[in-house]
Amino acid sequence: MLKFELSQSSGNYCDGVTRRQALQIGRTALFGGLTLPHILELEANAAVSQGRKATSCIFFMLEGGPSHIDMWDLKPGAPKEIRGPFQQISSAVPGTYISELLPHCAKVTDKFSILRTHSHRDNGHQTGRHWVLTGYPPNFGDGQAKGMPYNELYPSIGSIVSRELGMREGGVPPYIEMPNPLGPGGPGFYGAAYAPFTIETDPVQPDFQVRDMNLDKNISNRRFRLRRKLLQGAERLGATDTLTGRAKMMSTYYEKAFKLITSPHAKKAFQIQMEPASLRQQYGHTSIGQCALLARRLVEAGCRFVSIDHGSWDTHVDNFTSHKKALVPPTDRAFSTLIADLEQRGLLDDTLVVMMGEMGRTPKINSNAGRDHWSQCQSVIFAGGGTRRGVVIGKSDKTASQPITRPYGIGDLLQTIFHLMGIDGDKTYQTLLGRPVSIVKDGHVIDELVA
Amino acid sequence: MRSTSLSIALVAFVLWAFSTKTSFAAEFRISPLPITLNSPESSQQLLVTAIKDGRTLDLTRQVTYEVTRPKIATIAADGLIQALTEGFTQIIVQAGNIELRVPVQVTGIKQPSPVSFRHEIIPILTKSGCNSGSCHGKAEGQNGFKLSVFGFDPVADHTALVKERRGGRILIVNPERSLILRKPAGAMPHGGGLRIQPSSLHYRRLRRWIAEGAQLDAGQDDPDQRIKPAIAIDVEPQEQILLAGVMQQLKVTAVDEDANQRCVTVEAHYESNASAIATVDHRGLIQAGDIPGEAVILVRYLGHVAVCRVTLPRPGVRFERPPESNFIDRLVWDKLQQLGIEPSEPAHDTLFLRRVYLDTIGTLPTSAEVREFVTNSVADKHSRLIDQLLERDEYADYWTMRWSDMLRIDQAKISPQGAVAMTRWLRRQLKKNTPYDQFVHAIVTARGNMLAEGPASFFQVLDNPELAGRSVSQLFLGARIECAQCHHHPFEKWSQDDYYAFAGFFTGIARKSVPNGGKKIVLQPGNDLKQPHTDQIVPTAALGAEHADFSAYSDRREALVDWMVAPNNPFFSRVIVNRLWGHYFGRGLVEPIDDIRATNPATNEPLLNALSQHLIDLHFDIKAFTRTLLNSRVYQLSSHSNESNALDNQNFSHAAWKALPAEVLLDAICQATDVPEEFNGWPVGFRAIQIWDNRMPSYFFRIFGRPQRVSVCECERGNDPSIAQALHLMNSPETMRKIRHRNGQARKLADSDMSPQSIVEELYLSTVSRIPTEKERALMMQAFVESGGSRQTAAEDILWVLLNTKEFIYNH
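About the thresholds
Residues numbered from 1 in each chain as written. Chains lettered and ligands numbered in written order. Predicted model: local features only at pLDDT ≥ 70, side-chain atom pairs only at ≥ 80, totals over all residues. Helix = DSSP H or I, 4+ residues; strand = E, 2+ residues; numbered from the N terminus. Buried ≥ 20, exposed ≤ 12 C-beta atoms within 10 Å, placed from the backbone. Contact = placed C-beta atoms within 7 Å. Domains from an automatic or database assignment. Nonpolar A, V, L, I, M, F, W, Y, C, P; charged D, E, K, R; others polar. Pairing = 2+ DSSP bridges. Axes fitted to C-alpha atoms, helices over the stretch in contact; angles between N-to-C directions. Left-handed = near helix turned anticlockwise from the far one by under 90°. Core = buried A, V, L, I, M, F, W, Y, C linked by C-beta atoms within 7 Å. pLDDT = per-residue confidence, 0-100. Expected span 1.5 Å × (residues − 1). Parallel < 35°, antiparallel > 145°, perpendicular 65-115°, else oblique.

Undergrad: Can you walk me through the overall build of chain B in this structure?
TA: Each helix and strand in chain B was counted, giving 28 helices and 28 strands. Along the first, second and third principal axes, the C-alpha atoms of chain B reach 100 × 80 × 55 Å. Looking at chain B as a whole, 52% of its 812 residues are labelled buried. Look at the contacts in chain B between residues 6 or more apart in sequence, and 62% of them connect residues 24 or more apart.

Undergrad: Hey, could you run me through the domain arrangement of chain B in this one?
TA: All names here are of chain B. Structurally, chain B comprises domain 1 (10-106), domain 2 (117-211), domain 3 (230-312) and domain 4 (416-565). Summarising the inter-unit geometry, the C-alpha centres of domain 1 and domain 3 are found 19 Å apart. Counting residues at the interface gives 13 residues for domain 1, matched by eleven residues for domain 3. Only strand E4 (43-45) and strand E6 (55-58) provide two or more residues apiece to the side of domain 1 that touches domain 3. In terms of residue class, the side of domain 1 that touches domain 3 is made up of two nonpolar, seven polar and four charged.

Undergrad: So what exactly am I meant to see when it comes to the sheet that holds strand E7 (residues 305-310) of chain A here?
TA: Working definition: the strands of a sheet are paired by backbone hydrogen bonds and lie parallel or antiparallel to each other. Residues and elements named next belong to chain A. Pairing in this open sheet of eight strands is mixed, and the strands run E6-E5-E7-E1-E8-E11-E4-E12 from one edge to the other. Two strands in the sheet have a free side with no partner beyond their single neighbour: strand E6 (197-198) and strand E12 (392-393). With two bridges joining them, strand E4 (residues 112-118) and E12 adopt parallel strand pairing. Looking at the pairing, leucine 115 lines up with isoleucine 393 of E12. Most of the contacts of helix H14 (residues 319-344) go to strand E8 (residues 351-357), to which it runs at about 170°, and overall it touches E4, E8 and strand E11 (378-383).

Undergrad: Explanation requested: the packing of helix H10 (residues 245-262) of chain A against helix H22 (residues 723-731) of chain B in the structure shown.
TA: Where H10(A) meets H22(B), the closest approach of the two axes is 8 Å, and the angle between their N-to-C directions is 60°. Here H10(A) runs over H22(B); the crossing is right-handed. Counted together, A:Tyr253, A:Tyr254, A:Lys256, A:Ala257, A:Leu260 and A:Ile261 of H10(A) and B:Ile723, B:Gln725, B:Ala726, B:Leu727, B:Met730 and B:Asn731 of H22(B) form the full contact between these two elements. Residues of the contact of H10(A) with H22(B), tallied by class, amount to nine nonpolar, two polar and one charged.

Undergrad: When you look at the interface of chain A and chain B in this model, what are you seeing that I'm missing?
TA: Bring the parts together and some accessible area is lost; that lost area is often taken as the interface size. If you look at the interface, chain A gives 54 residues, while chain B gives 58 residues. Those elements that provide at least two residues to the side of chain A that touches chain B are helix H1 (2-6), helix H9 (221-237), H10 and strand E14 (436-438) of chain A. Ranked by residues supplied to the side of chain A that touches chain B, first place goes to H10(A) with eleven residues. Tallied by class, the residues present in the side of chain A that touches chain B amount to 29 nonpolar, ten polar and 15 charged.

Undergrad: Explain the nonpolar core to me, please; I cannot follow it from the model alone.
TA: Soluble, globular proteins show a tendency: their nonpolar side chains are buried together. Core analysis: the biggest nonpolar cluster contains 253 residues, and A:Ile308 and A:Val354 have the highest contact counts within it. When sequence neighbours within four positions are dropped, the list of residues in contact with A:Val354 reads A:Cys57, A:Phe59, A:Phe60, A:Val380, A:Phe382 and A:Ile417. Counting 50 residues, the second-largest nonpolar core is a separate cluster that includes B:Leu125, B:Ile210, B:Leu242 and B:Val305.

Undergrad: Just to check I follow, could you spell out unusual backbone geometry for this structure?
TA: Most peptide bonds are trans, and most residues other than glycine sit at a negative phi. Residues and elements named next belong to chain B. The peptide bond linking leucine 33 to proline 34 adopts the cis configuration, its omega dihedral lying at -15°. Mapped onto the fold, proline 34 is located in the loop between strand E2 (23-31) and strand E3 (35-37). With phi around 65°, alanine 259 is a residue other than glycine that occupies positive phi space. The exposure class assigned to alanine 259 is exposed, which follows from the 9 C-beta atoms found within 10 Å. You will see that serine 769, though not glycine, has its phi angle at about 60°, which is positive. On the basis of neighbour counts, which here come to 26 C-beta atoms within 10 Å, the residue serine 769 falls in the buried class.

Undergrad: Got a minute to help me understand the environment of A:Glu200 in this structure?
TA: All names here are of chain A. With respect to the secondary-structure elements, glutamate 200 resides in the loop between E6 and H9. The spatial distance from the C-alpha of glutamate 200 to the C-alpha of arginine 227 is 27 Å, given a sequence separation of 27 residues. For glutamate 200, the contacting residues outside a window of four places in its chain are Asn180 and Arg211.

Undergrad: Explanation requested: the sheet that holds strand E13 (residues 239-241) of chain B in the structure shown.
TA: All names here are of chain B. Taken in spatial order, the four strands line up as E13-E21-E20-E17 in an open sheet, and their pairing is mixed. Of all the strands in the sheet, the pair left with one neighbour each is E13 and strand E17 (269-272). Along the sheet, successive strands turn relative to each other by an average axial angle of 20°, direction set aside.

Undergrad: Looking at this structure, I do not really get the environment of B:Glu120. What am I missing?
TA: Residue and element names in this part refer to chain B. With respect to the element layout, glutamate 120 can be found in helix H1 (residues 117-127). C-alpha separation for the pair glutamate 120 and histidine 202, spaced 82 residues apart in sequence, amounts to 9.3 Å. If we skip the residues at most four places from it in the chain, glutamate 120 touches Val115 and Arg205.

Undergrad: Teacher, can you tell me more about helix H7 (residues 125-134) of chain A here?
TA: Since the α-helix packs 3.6 residues into each turn, any two residues three or four apart lie on the same face. Residue and element names in this part refer to chain A. The buried fraction of H7 is high, at ten of ten residues. Within the sequence span of H7, burial applies to His125, Gln126, Thr127, Gly128, Arg129, His130, Trp131, Val132, Leu133 and Thr134. If you follow the buried residues of H7, they end up packed against helix H8 (157-165) and helix H15 (410-420). After H7 finishes, the residue glycine 135 shows a positive phi value of roughly 85°.

Undergrad: Could you clarify how one ought to interpret the confidence of the model for chain A in this entry?
TA: All names here are of chain A. Counting all residues, the mean pLDDT for chain A is 85, and 88% of those residues have values of 70 or more. Per-element confidence in chain A is highest for E8, whose mean pLDDT is 98, and lowest for H1, whose mean pLDDT is 29. In the predicted structure, residues 1-49 sits below a pLDDT of 50 and forms 53 contacts with residues beyond four places in sequence or in another chain.

Undergrad: Mind showing me how you'd approach H10(A) here?
TA: The end-to-end C-alpha separation of H10(A) is 26 Å, in line with the 26 Å expected for 18 residues at 1.5 Å each. At its buried positions, H10(A) is contacted by helix H11 (264-270) of chain A together with H22, helix H28 (806-809) and strand E28 (810-811) of chain B.

Undergrad: It is not clear to me how the pairing of strand E9 (residues 80-83) of chain B should be interpreted in this structure. Could you clarify?
TA: Side-chain direction in a regular strand flips from residue to residue, so the side chains alternate between the two faces of the sheet. Residues and elements named next belong to chain B. Side chains Ile81 and Ala83 project from E9 onto a buried face, and the interleaved Leu80 and Gln82 project onto a face without burial. Direction of pairing for E4 relative to E9: antiparallel, over a ladder of three bridges. Paired with serine 43 across the bridge in E9 is glutamine 82. For strand E8 (residues 73-75) and E9, the ladder comprises three bridges, and the chain directions are antiparallel. In the sheet register, alanine 73 faces E9, and the bridge partner there is alanine 83. Taken together, E8 and the strand that follows it, E9, pair antiparallel across an intervening segment of four residues, in which glycine 79 is found at a positive phi of about 85°.

Undergrad: Honestly, the packing of H1(B) against helix H5 (residues 201-211) of chain B in this entry has me stumped. Any pointers?
TA: How two helices pack is summed up by the angle between their axes together with the distance between the axes. Residues and elements named next belong to chain B. Relative orientation of the contacting elements H1 and H5 amounts to 140°, with a least axis distance of 10 Å. Compared by their axis directions, H1 and H5 come out oblique. Two packed elements cross with a definite hand, and for H1 against H5 that hand is left-handed. Residue-level contacts link Phe117, Glu120, Ile121 and Ile124 of H1 to His202, Arg205, Leu206 and Trp209 of H5. The residue inventory of the contact of H1 with H5, partitioned by class, reads five nonpolar, one polar and two charged.

Undergrad: Just to check I follow, could you spell out the confidence of the model for chain B for this structure?
TA: Reading fine detail from the predicted coordinates is not recommended where pLDDT is low. Residue and element names in this part refer to chain B. Scored by pLDDT, chain B comes out at a mean of 90, with 96% of its residues at no less than 70. Note that residues 1-24 has pLDDT below 50 and, in this model, 56 contacts with residues that lie over four places away or in other chains. Overall fold confidence (pTM) sits at 0.78, and the ipTM for the predicted complex is 0.81.

Undergrad: What should I look at first to understand the environment of B:Arg166 in this one?
TA: On the secondary structure map, B:Arg166 appears in helix H3 (residues 164-167). When the C-alpha atoms of B:Arg166 and B:Leu390 are compared, they prove to be 69 Å apart, with 224 residues separating the residues in sequence.

Undergrad: Got a minute to help me understand the pairing of strand E1 (residues 56-62) of chain A in this structure?
TA: All names here are of chain A. Of all seven residues in E1, seven are buried; the element is thus mostly enclosed. Here E1 shows two buried faces, one formed by Ser56, Ile58, Phe60 and Leu62 and the other by Cys57, Phe59 and Met61. In terms of strand pairing, E1 meets E8 through seven bridges, oriented parallel. In the sheet register, isoleucine 58 faces E8, and the bridge partner there is valine 353. Across six bridges, the pairing between E1 and E7 is parallel. Bridge pairing in E7 links isoleucine 58 to valine 306.

Given below as structure tokens:
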């Protein structure tokens with residue numbers, strides 16, 4: 001019985017029984033045979049064994065929906081109007097074939113896994129992204145969402161991770177978005193404290209810098225130190241350094257902000273210019289390439305969740321030219337280099353990397369040589385962070401239209417991500433109106449994916 | 001449960017030693033008496049209480065118990081009596097040197113009445129959390145097993161338990177092998193963990209119910225065996241004063257229509273609204289914390305609710321009543337006296353001035369205004385200032401902005417022209433101070449062209465009867481009935497019938513296109529709505545009111561408004577009064593401010609009642625009412641706390657620190673730096689509080705929590721701090737540009753012939769609205785010393801510092 005309770009070591013039980021209460025139950029039941037410190041120790045072990053494998057996550061959102069049948073799940077035997085012009089090539093893992101558009105990834109297929117049977121019911125962009133990034137279907141129609149972020153109620157994965165795991169040493173914000181805010185990347189009812197820190201400039205730009213973080217050229221370090229000293233003095237004299245509640249939280253955030261501005265460690269994390277030119281070249285001088293490289297730096301410096309927004313995958317027209325020329329090559333380079341780079345630095349085991357879109361694309365080619373929206377069968381790429389390596393999970397039918405093995409929904413993907421990060425996906429929080437909402441709506445951990 | 005028992009208190013006069021140190025004479029009370037247990041799983045919570053000088057102390061867990069015939073019943077150290085076999089016994093309560101005997105009669109064991117699923121099993125599922133919104137009660141169930149949330153649908157729950165999975169969850173021939181017992185009792189892996197102890201009364205009752213055939217309504221045909229539904233629950237005690245760290249057991253009794261009583265203490269669900277002050281556990285045991293204040297313990301049982309109010313006074317305080325300006329002060333001092341919390345000193349003139357400007361007109365006072373007020377020696381300058389502010393244009397601007405949020409003026413839904421038309425109408429109403437009842441009347445019955453000045457667009461945003469119903473209910477009645485769309489409101493009496501009955505008021509309107517491209521709201525015949533769950537038509541009715549009679553109305557909404565604004569309406573004035581109180585005092589008397597219900601009482605009920613009556617007496621004159629609030633001494637208290645009130649955040653013993661709304665903060669920065677903001681597409685000179693465009697992209701608005709107007713809840717406006725905010729204020733190009741702007745405040749002061757001392761003073765006045773102290777002057781003079789002779793550098797540095805103080809960022 002004890003083991004049972006401890007296995008739910010994080011936070012609230014379904015109906016709000018707290019961990020403390022549960023521990024009390026455990027203690028009573030054992031007639032004092034275990035001391036509290038002992039139980040806490042067991043609990044800590046339980047938490048480890050229950051598996052926080054990933055301390056950070058890098059999440060690529062390929063906005064618009066990448067074509068799974070042209071990238072990860074080719075069907076050379078399918079009729080011409082379906083299979084498209086691309087050939088499949090062999091890869092580092094014997095028997096695993098991917099598209100010729102992904103030669104760099106092919107060399108490292110032994111380091112990541114391909115899930116070929118992701119499937120859900122939402123064929124809209126905004127709505128699909130909302131579902132993927134929050135785990136909850138939206139309450140608006142596709143194209144109706146206005147404003148940013150548009151996940152008005154449900155928190156995004158990054159905000160959840162930020163809330164559950166918090167900030168690590170070093171002062172780097174726990175949740176960072178780049179190079180734009182993702183529509184549904186906001187904190188929902190969790191509130192601004194769990195909002196992403198959004199880098200609204202693209203690291204591929206030569207003069208890249210993060211907004212509000214670098215000192216104005218008119219302000220010397222000496223002058224900034226003076227300002228800070230005077231500010232501390234003013235707060236002390238105004239007796240505002242003893243406040244409680246939100247005002248105190250604001251003080252904490254000022255401290256963290258100071259750290260970001262002044263701490264070489266935190267600042268350095270954002271200075272992609274410090275990377276050797278050769279590595280930057282290897283990642284590719286593209287938006288997704290430099291975002292991937294910056295993401296690695298941020299994770300290295302302690303960021304918990306980096307989301308990378310990469311657009312223009314909605315290829316209704318000229319799908320093949322777009323994939324071949326504009327979309328896949330930079331992605332191939334960025335992703336494969338990131339995996340190898342993480343591995344080389346010993347970070348891959350602690351860093352979960354996920355790459356997906358809000359949908360796949362229709363197997364049937366349309367009259368504009370394009371492919372349309374297809375959420376029923378998609379491929380999702382997982383690497384590191386306690387996932388298995390070099391495996392292909394699931395199988396789609398002859399035309400990559402439907403999974404023929406067990407389909408995995410959005411809830412399953414999210415449960416898996418949270419599981420790997422040591423977060424209890426069933427934990428609940430109350431909305432502003434007092435309705436309990438669990439972190440993930442439904443789904444199960446994809447066991448085949450977990451190492 | 002099927003017999004009447006009277007709760008008679010046994011009172012004895014005893015000498016009770018509370019600790020080894022003190023002993024005193026006290027009355028001694030046991031409740032209830034006599035005790036009858038009439039089913040195999042029935043239980044009775046005993047309460048043992050000492051009473052001295054009108055104060056009570058719970059001894060339930062401190063006395064010792066002995067059962068004279070242990071075969072008949074048992075009693076645990078926590079005072080819970082359980083039946084064993086039929087017969088009569090006595091329980092000896094030993095308290096100090098006193099012994100009292102409690103008679104206990106046990107019946108209904110040999111031939112028990114069958115267990116009722118509706119009345120006896122549902123409470124167990126609720127209590128154990130099985131049907132909570134985060135487990136099997138959620139819309140999609142959990143692991144393929146779904147129950148109705150909080151058990152509002154016993155028939156469906158019975159089907160789920162007994163018939164789904166081909167009855168695989170229940171094994172009548174071998175009840176203990178049933179999934180429904182094995183899973184929650186830990187005999188099989190269960191995602192929800194251990195929920196029901198195998199030795200518990202709950203387990204035994206479930207087991208007996210299965211063994212009896214797992215019926216939905218067993219015994220309901222037999223009048224002797226039928227269980228009558230509870231019509232109410234009583235909780236004892238209902239009010240309790242506790243000292244820090246002390247415990248109090250609750251006793252909960254369900255009463256049916258024949259006044260039969262039965263103890264449901266172990267089946268009721270408990271929740272505290274203020275855990276820092278008092279917590280409550282699943283057995284109904286309250287544990288007082290160490291922060292003085294008041295907590296409400298909410299008790300739920302089968303859709304019934306009751307509350308116990310717990311007060312933790314601060315001990316040993318000699319309370320000196322400050323003077324009173326009006327009834328607000330009297331009622332707040334009453335409360336503070338009861339709690340032993342001393343109010344803070346009155347705020348200094350400048351602190352009051354800054355606060356009342358920001359609260360009332362969303363605008364920072366200028367340095368000239370501060371100087372003028374400080375030097376003004378007129379005795380009633382505070383109330384004169386209040387009168388002046390209420391007449392300023394910014395009052396209308398600011399309150400237009402606030403009402404635009406609540407009424408959801410969203411240009412994406414109603415077009416920019418529609419937003420302008422409605423904003424103009426709002427501003428006109430606020431400027432001329434339309435009485436609140438007329439204001440609401442105009443909104444709720446709005447019709448006509450949405451592009452013409454008027455509130456018609458309200459019903460373009462709320463574009464269906466249900467949305468309109470729940471929005472109007474929350475906004476103007478403080479009843480969050482939207483919970484009842486899907487299930488019986490967990491903390492309230494509102495059911496799905498009530499929800500659809502209310503929405504029925506909004507079926508009589510349609511949206512029609514007009515030639516110029518806009519739309520208008522027109523009347524159409526209304527109809528009562530079908531409740532989708534039961535498939536029955538529900539007659540339209542207001543909350544807690546009779547079915548509406550529309551015979552005298554052409555517009556159904558008129559009938560609703562007449563009910564709303566009637567002086568005896570229990571909701572209408574309380575909501576607006578609480579909303580305004582929350583705005584000016586930083587916290588509603590009821591929180592959340594638009595969630596007013598019996599189970600969420602105000603921290604100061606007499607005050608809420610008095611304020612509500614006051615507004616009615618003033619014929620809903622909002623400015624006059626605001627004047628009363630602002631002229632109270634309570635509003636004018638300092639935000640600096642003293643030793644006794646530092647932890648108090650619900651009794652208004654000191655002023656609160658309130659986050660400035662995004663727009664107000666931006667305007668304040670512009671004013672303090674003397675550099676206006678240039679909003680994309682707007683002429684220079686517009687202030688942020690005047691921007692009607694809720695969709696205007698703005699990084700500043702985004703990070704400081706400006707609402708998108710997707711809900712009528714004021715809670716949509718964010719007030720949480722963040723790193724992005726701190727970075728932005730300290731280090732953004734936007735802030736930096738304003739600080740060193742060539743036409744800005746710092747440059748102007750540097751270029752003037754003012755002395756450094758005067759510059760420091762002027763900067764303090766124009767940012768934190770007060771004169772700096774000697775120490776602060778000395779501190780800031782360092783900027784001049786370190787600036788290498790550049791007066792501008794020094795002025796910029798000081799301005800930067802002041803803009804980043806919490807004194808500037810917050811209203812306090």
